[in-house]
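# Chains, contacts and geometry: an overview
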Amino acid sequence: MGLLDILLGRTKPVAPDLDQLFALPSAAITLEAAAGFTPTGGGAVCFATVEGAAFEQTHREVQALLDADAERAGSPVELRQDDYGYSWLVSQRTPDQLPQLVNDLHAVNSSMEVNGFGPQLLCSLAGFRDDSGRSLALVYLYKRGTFYPFAPRPGGAQRRDNALELQVKAALANDLRIEQDLSRWFPVWGAPGL
C-alpha cells in the first residue's frame, strides 16, 4: 500500500485465511460454556452459482473427496440451491464431529480456491442449537476472513435475535476473528446446515 492509498483512504482488502476455520472447535467449547449452544453437526459452504464444465468437474471432485470419508455417518455431502439463486454444498456430521465438519468446510473452500473459483465463494457456516431449540450459526465471511453469529428467532418469521448475536460476539471475541462491521452481518435465512 502506497502513500497515495493512505491519503485517499483506500484500504487493502483482507486476504481470506481459511485456517481461521480451524478455530471453530475451540470456539464451540466457549460458546457452550457462555451461552449453552452445542454443535448440530450441520455445516455448509455458500457460493455464487457458476455454469460450465470446469465448475462441474470441481464440484464432482469435492463431493467425491468428502463422500470417500469412511467415518462419515448420515447423509452424504449434497449440493442445494436457495431461493436467492446461491449454491450451498452441505455437509452433515454427528454433533460430536465438529472437527471433521470443519475439515469438510475447509476442503470445499480450498478446492474451489485452487481451481480458480475463489471469487465465487461467499461464506461458510456451522450450525449450533441450545436446549430450548434456538438456532445459531457461526458464519465465516470468505472475502473478509472474519466470523459473525447469525441467530434467527424461532417461529418462521424472518427476524433475528440481535441480543443473542451480540452476546455471542462478546463471548467469542478471544476465540475467533469477529467481524467488527455489523452491517456485514448478513442474514442467511433458510441456510442449509443451520
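Overview of the structure. Residue numbers here run from 1 along each chain, matching the order of that chain's written sequence. Note on the predicted model: pLDDT of at least 70 is required for a residue's local features to be given, and 80 or more for side-chain atom pairs to be given and counted; whole-chain, interface and lining totals, by contrast, use all residues. Computation of side-chain values covers all heavy atoms of the structure but excludes hydrogens and water.

## Topic: helix α3 (residues 53–67)
Helical periodicity: at 3.6 residues per turn, an α-helix aligns residues three or four positions apart in one direction. Filter applied, for reference: Helix and strand labels come from DSSP, where a helix needs a run of H or I of at least four residues and a strand needs a run of E of at least two; each type is numbered from the N terminus. To estimate the expected span of a helix, count its residues, drop one, and scale the result by 1.5 Å. Each residue is placed in one exposure class: buried if its accessible area under a 1.4 Å probe, protein chains only, is under 20% of its type's maximum, exposed if it is over 50%, and partly exposed if it falls in between. Here the arc refers to the directions that run from the helix axis out to each C-beta atom. We call two residues in contact when some of their heavy atoms are within 4.5 Å.
The end-to-end C-alpha separation of α3 is 21 Å, in line with the 21 Å expected for 15 residues at 1.5 Å each. If you check which residues of α3 are buried, you get Phe55, Thr58, His59, Val62, Gln63 and Leu66. For α3, the angular spread of buried residues about the axis comes to 130°, placing them on one side. Within α3, the exposed residues directed more than 90 degrees away from the buried face are Ala53, Ala54 and Leu65. The elements touched by buried residues of α3 are β1 (38–48), β2 (78–81), β3 (86–92) and α4 (98–114).

## Some remarks on the pattern of salt bridges
Formally: Salt bridge criterion: a side-chain nitrogen from Lys or Arg within 4 Å of a carboxyl oxygen from Asp or Glu.
Per the counting criterion, the structure on display carries eight salt bridges. In this structure, Arg80 engages Glu78 in a salt bridge whose closest nitrogen and oxygen atoms are separated by 3.0 Å. Among the residues examined, Arg80 registers a relative accessible area of 35% and is labelled partly exposed. We note a salt bridge from Glu179 to Arg144, for which the minimum N-O separation is 2.8 Å. Of this pair, Glu179 sits in the segment after α5 (162–171) while Arg144 sits in the loop between β5 (135–141) and β6 (146–150), and the two are 35 residues apart along the sequence. Exposure remark for Glu179: the relative accessible area of 3% places this residue in the buried category. Shared partners join several salt bridges into a network, and the residues in it are Asp130, Arg134 and Asp161.

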